[in-house]
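The residues making up each chain are set out below.
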Amino acid sequence: MKVFGKVQEARADIPVIGEFDVVVVGGGIAGVAAALAAARVRGTRVCLMEKVCALGGLATVGNVIIYLPLCDGKGRQVIGGIGEELLRLSVDEVEVPNLRISKVPACWDGNGTVEERSKHRFRVGFNPITFEYKMERLLLKNHITLYYDMRFSTVVKKNGSITAVIAESKAGRVALSCKAVVDCSGEADVCRESGEKTVSIGGNVRCGWYYYIDKDEKVQLRCLTDPLRIRKVDENGNRLKYYSFRGDLPEQVTAQVLESRKMMMEDIEKIREKDGGNPIPIMSPTISTFRMSRRLAAKVTLKESDDHRWFDDTLGMTGDWRKAGPVFCLPLRCLAAVKTANLITAGRCLSSMGDTWDVTRVIPTCAVSGEAAGIAAAFLATNDECRSFFDLDIPTLQKYIKRHNGIIDKGLVR
Ligand SMILES: Cc1cc2nc3c(=O)[nH]c(=O)nc-3n(C[C@H](O)[C@H](O)[C@H](O)COP(=O)(O)OP(=O)(O)OC[C@H]3O[C@@H](n4cnc5c(N)ncnc54)[C@H](O)[C@@H]3O)c2cc1C
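Worth saying up front: this structure is predicted, and the values here are computed from it rather than measured. (Residues numbered from 1 in each chain as written. Predicted model: local features only at pLDDT ≥ 70, side-chain atom pairs only at ≥ 80, totals over all residues.)

Caption draft 1: Spotlight on unusual backbone geometry. Here N63, not a glycine, exhibits a phi torsion of approximately 60 degrees, which is positive. With 22 C-beta atoms counted inside 10 Å, the residue N63 sits in the buried group. The backbone of D149 sits at a positive phi, close to 55 degrees, despite the residue not being glycine. Counting through the fold element by element, D149 comes out in the loop between β6 (145–147) and β7 (151–158). The exposure class of D149 is exposed, given the 12 C-beta atoms found within 10 Å. (Buried ≥ 20, exposed ≤ 12 C-beta atoms within 10 Å, placed from the backbone. Helix = DSSP H or I, 4+ residues; strand = E, 2+ residues; numbered from the N terminus.)

In structure tokens, the structure reads:
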């Protein structure tokens, strides 16, 4: 990013429009899980702000409609709690195979054997519109204050803690006072503004899952993406056009959106040439579709060698959507900020690296980390004795999570 100089912002008194225990920034799957989990801790006042006008983030607004598995691929369930609740909420009355809308596999809904369960992973495909709506109703039912069209801007910090979150809204800049903050922005925006160490990577490709009407006037879903390990030269050694974007640079975000949309329109043209008729695109992603862009650098950064490693501060677990076998623990130390006592992350921007980032970024794992972060934030906000996430009593947190159907089981990583 080219910087041409600096300007000083005129300071103004910003109106405080709400006083909350927990403020959640970002209403993707991680943010929904975090807000819900925090609100269910008795007496916690929770606010969730979201810059677009829908919940679900990439999962719904990005049309990424596969709720990847809650199991380890060997027939054992490793994700419960809100991760399972949201999966079941996403399921519709009907199955529509060409739109990948499916129900929970029968072996996971009744008394399936381990052998059956190891053949069918515990995953579903959903309709983004109904899932958005159901999540909205669920948050409102849990008395969460929801702000759409509100974009996180910065924080006010005092003695190493955030005392207010500043956001841009239709009423100009507004402040929300808070006792704890959960960063579910997907891009660690709050961490960055709070002075935390963050890590950014490029390598994001063009992609856009979109719906279109085919030549027979039937709605179809197209899961369009460049290969993740894209070839840079052809078989003759000639350079191929290589797309690689970073999600934390304004010009690259715009370029990724423009190139992805162009790819979609070229794809429609190819469908027309192949199938004839007049295919029409009807619903494309309305947010940028970055897989991994910026994350917190926390005390613990999960990596591949942490497969089957137990951490004493484990607050949730996950399998690996790509293959059967691996099980990872998510410790508090990969979620909590280092320098900001009352800031915690969840979802795409928790602290994990390399191939393990690819594991922790998916929908079910975002729900697990969201739930863990939301509960920890509510515990911190409602306990005057604790100043930082690292002061919380871990066994109490684990007990609470397990009582609410979360899975924390040392046996799964033995
Ligand atoms: C092309 C593609 C295909 C994928 N396929 C699958 C798949 O099949 N299955 C699967 O499980 N996962 C898949 N994933 C991954 C998965 O969809 C996401 O990683 C996951 O949904 C991320 O959830 P999140 O809540 O952490 O972040 P996000 O979904 O990114 O949500 C972040 C939310 O925060 C909001 N926000 C951001 N900044 C601000 C701000 N400053 N102020 C206010 N709000 C803000 C955003 O608008 C967004 O709603 C895929 C991802 C991509 C890109």
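Caption draft 2: Looking closely at the site of the ligand. The local shell around the ligand holds 35 residues, among which G26, G28, G57, G186 and G347 are the closest. Secondary structure elements with two or more residues in the shell around the ligand: α1 (29–39), β4 (66–67), β7 and α9 (363–381). Partitioning the shell around the ligand into residue classes produces 18 nonpolar, 10 polar and seven charged. (Near = placed C-beta within 6 Å. Nonpolar A, V, L, I, M, F, W, Y, C, P; charged D, E, K, R; others polar.)

Caption draft 3: Local environment of the sheet that holds strand β12 (residues 207–213). Taken in spatial order, the three strands line up as β13-β12-β14 in an open sheet, and their pairing is antiparallel. For this open sheet the edge positions go to β13 (219–225) and β14 (280–283), each flanked by a neighbour on one side alone. Strand-to-strand twist in this sheet, taken as the mean axis angle between neighbours without regard to direction, amounts to 45 degrees. Note: β12 against β14, three bridges, orientation antiparallel. (Pairing = 2+ DSSP bridges. Axes fitted to C-alpha atoms, helices over the stretch in contact; angles between N-to-C directions.)

Caption draft 4: Broad picture of α9. Under the 1.5 Å per step criterion, the end-to-end length of α9 is 26 Å for 19 residues, consistent within 8% with the ideal 27 Å. In terms of burial, α9 is largely enclosed, as 19 of its 19 residues are buried. (Expected span 1.5 Å × (residues − 1).)

Caption draft 5: Geometry of the sheet that holds strand β18 (residues 343–345). Taken together, the five strands give an open sheet; going across it, the order is β6-β3-β2-β10-β18, and neighbouring strands pair in parallel fashion. The sheet is open, and its two borders are formed by β6 and β18, each paired with just one other strand. Strand-to-strand twist in this sheet, taken as the mean axis angle between neighbours without regard to direction, amounts to 20 degrees. Of the pairings in the sheet, the one linking strand β3 (residues 46–49) to β6 comprises three bridges and is parallel in character. Across the sheet, L48 pairs through a bridge with L146, a residue of β6. Docked against the sheet, α1 engages β2 (22–25), β3 and β10 (180–183), running at close to 170 degrees with respect to β3. (Contact = placed C-beta atoms within 7 Å.)

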